[in-house]
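Chain residues, written in single-letter form:
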Amino acid sequence: MNTLKYISLLGASGSIGKQTLDVIDAHREKFRLIALSVGKNVEAAKQAIDQFQPELVAVADWQAFSALRAEYNGKAKIVAGDEGLIEVATHPKADMVVNAVVGSIGLVPTLKAIEAGKTIAIANKETLVTAGHIVTEAANKHDVALLPVDSEHSAIFQCLQGEQPKTIEKIILTASGGSFRDRTREQLRHVTVEEALRHPNWSMGAKITIDSATMMNKGLEVIEAHWLFQLPYEQIDVLLHRESIVHSLVQFHDSSIIAQLGTPDMRVPIQYALTYPDRLEVKGAKKLHLAEVGKLHFEAVDFDRYRCLQFAYEAGKKGGSLPTVLNAANEEAVAAFLSGRISFLMIEELIERALAQHTIIHQPTLDDIRAVDEETRRYIQSLLT
């Protein structure tokens, strides 16, 4: 009997993708990487082919395709573009698809993987933020599990094992506060990209690190949690926690609170999604010793300080196409900040303007979502010219 679990990995060259590869490499007796995608990082694709011998590799465009195929044709099937991404997501041998791409590009491949009956380990926030109603409906229809990879959602998922949903009072997502948690809004006016990318606790990609600094990352996680755990926004709280040791908590009707704790190591939630409902040793992981930590700190969130978190709650509660606007505007604004075109606080201003000008579509189709996404990006770009 074959005990290997075959994995398709979307976004192998990003932070989550690389750590997923670490987990697969550490447990080759349990996992086989059957297919993967990268963006334009041909060198990452080459390294993964050499290390894991996948059958299928997708790259973002034809230039990367030509560069990779010239050297690796015959070692793996090389495909490109959106269709290539879907081919990876629906590989017939894959048992599980890990969606670790950044951005709304992860939505359609996830839906196709669900239709193909694949278990989904989801680290791509935008998939649920922009189309949570479509994704969860599809998962229910095809009886497909959506397993969270984000540390916060994994923590809640773990806390809920063996519990009855009706007993939940609320779930509490913890937030480090990001790179600028000790700065006032006035002090944020002239911060640099380099400063924003220095996260105090986690090693993440540039876009997610900026989202952490604005707290948009947590806002997207709130919307994601709404869909993953089927809870109203009134039952989803956010708590500042500097140490990033308590990854999230669940409060029950009897006043009990269950929390999941651990050192800041993304391999833990990644591996839990891959092994659920079992657990394996995370090789090389630093063990948590609370006596050494000594103290844990918690603070209420100031929504005036972190306006992006407020935007996310408002967009989530209003629903429809507004979360798509939130996500698209944020992606464009963060890209503009990273390229030096706007200041840090202008990220919020651009998002706010995009939300204000949008007329909500209350039950958007996939085509509606794509159209709103493109329209919002064009609107943000028009403000940058």
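Residues numbered from 1 in each chain as written. Predicted model: local features only at pLDDT ≥ 70, side-chain atom pairs only at ≥ 80, totals over all residues. Heavy atoms only, no water.

Trainee: Teacher, can you tell me more about the pattern of salt bridges here?
Mentor: Side-chain pairs of opposite charge can arise whenever the charged atoms involved come near each other. A full pass over the atoms with the stated rule returns 25 salt bridges. A salt bridge links glutamate 352 to arginine 307; the shortest N-O distance between them is 2.7 Å. Residue glutamate 352 is located in helix α15 (residues 346-357), and its partner arginine 307 is located in helix α13 (residues 307-318); the two are separated by 45 residues in the primary sequence. Judged by relative accessible area, which is 34%, glutamate 352 ranks as partly exposed. Overall, arginine 307 belongs to the partly exposed group, its relative accessible area being 23%. Salt bridges here are not isolated pairs; linked through shared partners, they connect Lys125, Asp150, Glu152, Lys218 and Glu221. (Salt bridge = Lys/Arg side-chain N within 4 Å of Asp/Glu carboxyl O. Helix = DSSP H or I, 4+ residues; strand = E, 2+ residues; numbered from the N terminus. Buried < 20%, exposed > 50% of the residue type's maximum accessible area, 1.4 Å probe, protein only.)

Trainee: Got a minute to help me understand the packing of helix α6 (residues 125-141) against helix α14 (residues 322-338) in this structure?
Mentor: Angle between the axes and distance between the axes are the two parameters that describe a pair of packed helices. Following both chains from N to C, one finds α6 and α14 inclined at 140°, their axes separated by 7 Å at the closest point. As judged from the angle between their axes, α6 and α14 are oblique. For the pair α6 and α14, the crossing hand works out as left-handed. Contacts from Glu126, Val129 and Thr130 in α6 reach Pro323, Thr324, Asn327 and Glu331 in α14. Grouping the constituent residues of the contact of α6 with α14 by class yields 2 nonpolar, 3 polar and 2 charged. (Axes fitted to C-alpha atoms, helices over the stretch in contact; angles between N-to-C directions. Parallel < 35°, antiparallel > 145°, perpendicular 65-115°, else oblique. Left-handed = near helix turned anticlockwise from the far one by under 90°. Contact = heavy atoms within 4.5 Å. Nonpolar A, V, L, I, M, F, W, Y, C, P; charged D, E, K, R; others polar.)

Trainee: Would you take a moment to explain the sheet that holds strand β4 (residues 77-80) for this structure?
Mentor: Strands pair in a sheet through their backbones, by hydrogen bonds, and they do so in one of two ways: parallel or antiparallel. What the 7 strands build is an open sheet, ordered β4-β3-β2-β1-β5-β6-β7; its pairing is parallel. Strands with a single pairing partner mark the edges of an open sheet, and in this sheet they are β4 and β7 (146-148). Between one strand axis and the next, the sheet turns by 25° as a mean value, whatever way the strands run. In this structure, strand β3 (residues 56-59) lies alongside β4, joined through 4 bridges in parallel fashion. Residue pairing for β4: valine 57 is matched across the bridge by isoleucine 78. Strands in contact with helix α3 (residues 62-72) are β3 and β4; relative to β4, the strand with the most contacts, it is inclined by about 165°. (Pairing = 2+ DSSP bridges.)

Trainee: Sorry, what's going on with α3 here?
Mentor: Every α-helical turn comprises 3.6 residues, leaving residues that sit three or four positions apart pointing alike. Within the sequence span of α3, burial applies to Ala64, Phe65, Leu68 and Tyr72. Viewed along the axis of α3, the buried residues span an arc of 100°, placing them on a single side of the element. With respect to the buried face of α3, the exposed residues turned more than 90 degrees away are Trp62, Gln63 and Ala70. Buried residues belonging to α3 abut α2 (42-52), β3 and β4. (Arc of directions from axis to C-beta.)

Trainee: What exactly am I supposed to notice about a nonpolar patch on the surface here?
Mentor: On the surface, Leu261, Leu290, Val293, Leu296 and Phe298 cluster together into a nonpolar patch covering about 370 Å² of accessible area. Tracing the chain through its elements places leucine 296 in the loop between α12 (290-293) and β12 (299-300). By relative accessible area, leucine 296 is classed as partly exposed at 30%. (Patch = residues over 30% accessible without salt bridge, like charges linked within 9 Å, V, L, I, M, F, W, Y side chains within 5 Å. Areas by Shrake-Rupley, 256 points an atom, 1.4 Å probe, with all protein chains shown as cover.)

Trainee: What is the right way to look at the environment of leucine 249 in this model?
Mentor: Structurally, the position occupied by leucine 249 is in strand β10 (residues 246-252). Given the relative accessible area of 11%, leucine 249 is considered buried. For the pair leucine 249 and threonine 127, spaced 122 residues apart in sequence, the C-alpha to C-alpha distance is 23 Å. The contacts of leucine 249, once residues within four sequence positions are left out, are Ile156, Ile171, Ile172, Thr174, Ile257, Ile258 and Ala259.

Trainee: Can you help me understand the sheet that holds strand β11 (residues 257-261) in this one?
Mentor: Pairing is mixed across the open sheet formed by 5 strands, whose spatial order is β11-β10-β8-β9-β12. Each end of this open sheet is capped by a strand with a single partner; those strands are β11 and β12. Two elements, strand β8 (residues 168-175) and β10, share 5 bridges in a ladder whose sense is antiparallel. By the bridge assignment for β10, isoleucine 172 is matched with leucine 249. With respect to the sheet, helix α7 (residues 151-159) is in contact with β8, β10 and β11, its orientation differing from that of β10 by roughly 40°.

Trainee: Looking at this structure, I do not really get the packing of aromatic side chains. What am I missing?
Mentor: Both the distance between ring centres and the angle between the ring planes are used here to describe each pair of aromatic rings. Going through the model one piece at a time under the given rule, you end up with 7 aromatic pairs. For the pair phenylalanine 303 and tyrosine 313, a centre-to-centre distance of 5.7 Å together with 70° between the ring planes defines the contact as edge-to-face. Taken together, the positions of phenylalanine 303 in the loop between β12 and α13 and tyrosine 313 in helix α13 put the pair 10 residues apart, joining distant regions of the chain. Look at tyrosine 313 and you get buried, because its relative accessible area is 8%. Pairing phenylalanine 337 with phenylalanine 344 gives two aromatic rings, centres 5.6 Å apart and planes at 70°, and the pair type is edge-to-face. Three or more aromatic residues joined by ring pairs form one cluster here, namely Phe157, Tyr272 and Tyr276. One Lys or Arg, lysine 75, reaches over the ring of tyrosine 72 and ends 4.7 Å from the middle of that ring. (Phe/Tyr/Trp six-rings, centres within 6.5 Å; stacked < 30°, edge-to-face > 60°. Lys NZ or Arg CZ within 6 Å of the ring centre and 35° of its normal.)

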